[in-house]
Amino acid sequence: MRWSSAPDGALPVALVTGGGSGLGAATATALHAAGGAVVIVDLPQSPGQELAAELGQRALFCPADVRDETQVGAAIAAARELGTLRAAVTCAGVATPGRVLGRKGPLPLETYKTVLDINVAGTFNVLRLAAEAMADNEPVDGDRGVVVMTASIAAYDGQVGQAAYASSKGAIVGLTLSAARDLADKQIRVMTIAPGTMETPMMAGLPQETKDSLGSMVPHPSRLGRPPEFAMLVEHIIANPMLNGEVIRLDGALRMPPR
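Residues numbered from 1 in each chain as written. Predicted model: local features only at pLDDT ≥ 70, side-chain atom pairs only at ≥ 80, totals over all residues. Heavy atoms only, no water.

Engineer: Would you mind going over the overall build of the protein with me for this structure?
Structural biologist: Per the secondary structure count, the protein includes 9 helices and 9 strands. Since a compact globule built from 259 residues should have a radius of gyration of about 18 Å, the 18 Å found for the protein is in line with a globular shape. If you line up the protein on its principal axes, its C-alpha atoms span 60 × 35 × 35 Å. Split into buried and exposed, the 259 residues of the protein put 49% on the buried side. Surface accessibility of the protein: about 11,900 Å² in total, with carbon and sulfur atoms responsible for 55%. (Helix = DSSP H or I, 4+ residues; strand = E, 2+ residues; numbered from the N terminus. Rg over C-alpha atoms; globule rule 2.2 N^0.38 Å. Buried < 20%, exposed > 50% of the residue type's maximum accessible area, 1.4 Å probe, protein only. Areas by Shrake-Rupley, 256 points an atom, 1.4 Å probe, with all protein chains shown as cover.)

Engineer: Before we go on, may I ask you to explain the pairing of strand 2 (residues 37–42) in this structure?
Structural biologist: As a general feature of sheets, a regular strand has side chains that alternate between the two faces. Counting buried positions along strand 2 yields 6 of 6 residues, so the element is predominantly enclosed. Side chains Ala 37, Val 39 and Val 41 project from strand 2 onto one buried face, and the interleaved Val 38, Ile 40 and Asp 42 project onto a second face that is buried too. Bridge count for strand 1 (residues 12–17) against strand 2 is 5 bridges, and the pairing is parallel. Bridge pairing in strand 2 links Thr 17 to Val 41. Taken together, the 5 bridges between strand 2 and strand 3 (residues 59–63) define a ladder with parallel strand orientation. Considered in strand 3, the bridge of Asp 42 is made with Pro 63. After leaving strand 2, the chain enters helix 2 (residues 48–55) and then returns to the sheet as strand 3, a path that is right-handed. (Pairing = 2+ DSSP bridges. Right-handed = clockwise from strand over helix to strand, strands pointing away.)

Engineer: How should I be thinking about the nonpolar core in this particular structure?
Structural biologist: In globular proteins that are soluble, nonpolar side chains generally tend to be buried together. Core analysis: the biggest nonpolar cluster contains 35 residues, and Leu 15, Ile 76, Leu 85 and Leu 127 have the highest contact counts within it. Residues within four places of Leu 15 in sequence aside, it is in contact with Val 39, Val 41, Ala 75, Ile 76, Leu 85, Ala 87, Ala 88, Val 89 and Val 126. Core analysis: the next-biggest nonpolar cluster, separate from the first, contains 30 residues, Leu 31, Phe 61, Met 191 and Leu 233 among them. (Core = buried A, V, L, I, M, F, W, Y, C linked by side-chain atoms within 4.5 Å. Contact = heavy atoms within 4.5 Å.)

Engineer: What's the story with helix 1 (residues 22–33) in this structure? I'm lost.
Structural biologist: An α-helix turns once every 3.6 residues. As a result, residues three or four positions apart point the same way. The end-to-end C-alpha distance of helix 1 is 17 Å, a good match for the 16 Å that 12 residues give at a rise of 1.5 Å each. Burial of helix 1 is extensive: 10 of the 12 residues sit out of reach of the surface. Every buried residue belonging to helix 1 is among Gly 22, Leu 23, Gly 24, Ala 25, Ala 26, Thr 27, Ala 28, Ala 30, Leu 31 and His 32, and all of these are buried. Of the residues trailing helix 1, Gly 35 is marked for its positive phi of about 110 degrees. (Expected span 1.5 Å × (residues − 1).)

Engineer: Is there a simple way to explain the sheet that holds strand 9 (residues 247–250) in this structure?
Structural biologist: Hydrogen bonds between backbone atoms are what pair the strands of a sheet, whose relative direction is either parallel or antiparallel. Judged by pairing direction, the sheet is parallel, and its 7 strands sit side by side in the order 3-2-1-4-7-8-9 without closing on themselves. Lying at the two open borders of the sheet, with one neighbouring strand each, are strand 3 and strand 9. Shown here is a sheet whose adjacent strand axes are inclined to one another by a mean of 20 degrees, direction ignored. Summarising the sheet, strand 7 (residues 145–150) and strand 8 (residues 188–195) pair through 6 bridges and their orientation is parallel. Looking at the pairing, Gly 145 lines up with Ile 188 of strand 8. Contacts from helix 4 (residues 109–134) reach strand 1, strand 4 (84–90), strand 7 and strand 8 within the one sheet, and its direction differs from that of strand 4 by about 165 degrees. Where helix 6 (residues 163–183) meets the sheet, it contacts strand 7, strand 8 and strand 9, and its direction lies at approximately 165 degrees from that of strand 8. (Axes fitted to C-alpha atoms, helices over the stretch in contact; angles between N-to-C directions.)

Function cannot be read off these values alone, since they describe shape.
The structure is reproduced here in structure tokens:
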């Protein structure tokens, strides 16, 4: 789908959740630079407002919890006021650690539920509401819109202490093809990216030697992935009409060990 043009001349808009930092911020920045408008969705205390101000025109921050139907709906309405919602990228998520059975007993059920609620129900909430908005679009190159979800290689290589996180990302992998098939008759594509170890805010607090050690585990290139590389893949997914219903690992051939 041509990102910078549409038959009616309307501005293409991307809604990016978790857009205040990390993978989401890189994606919002790249799509804005490519000529579209971006709606950055993140929690009120995130740097989302600062990023929107930095990007300037065609960028808007909408504070929202992805689990909240009303808040996400308001962000989508704001996107439609800017132009035509053509892409939704779901980067919001948490990675709360915890073993199934740890030193203090079983992983609290509420902890597990919260991770799934944010990572799975939150993603699905954005998917369904974005698809509803996109269904009214005029097709561009056969597409009315594209939803790109974020999983993780933990969906396949869940490590010790990742029971909740790996479960949630496995659910996103399982959702991908079913959602793509559900939305095929609406001419809306659904794709998922499963990143490996990336230079994100979650990594920022680690000592440099720890980050270097994590990067050395990657076969090639032997380093942590960079958020702009995630954004590059999002841009390609938007542009390539045959990418649909699939999960792409973005991990430098990394397969995570148990620990």
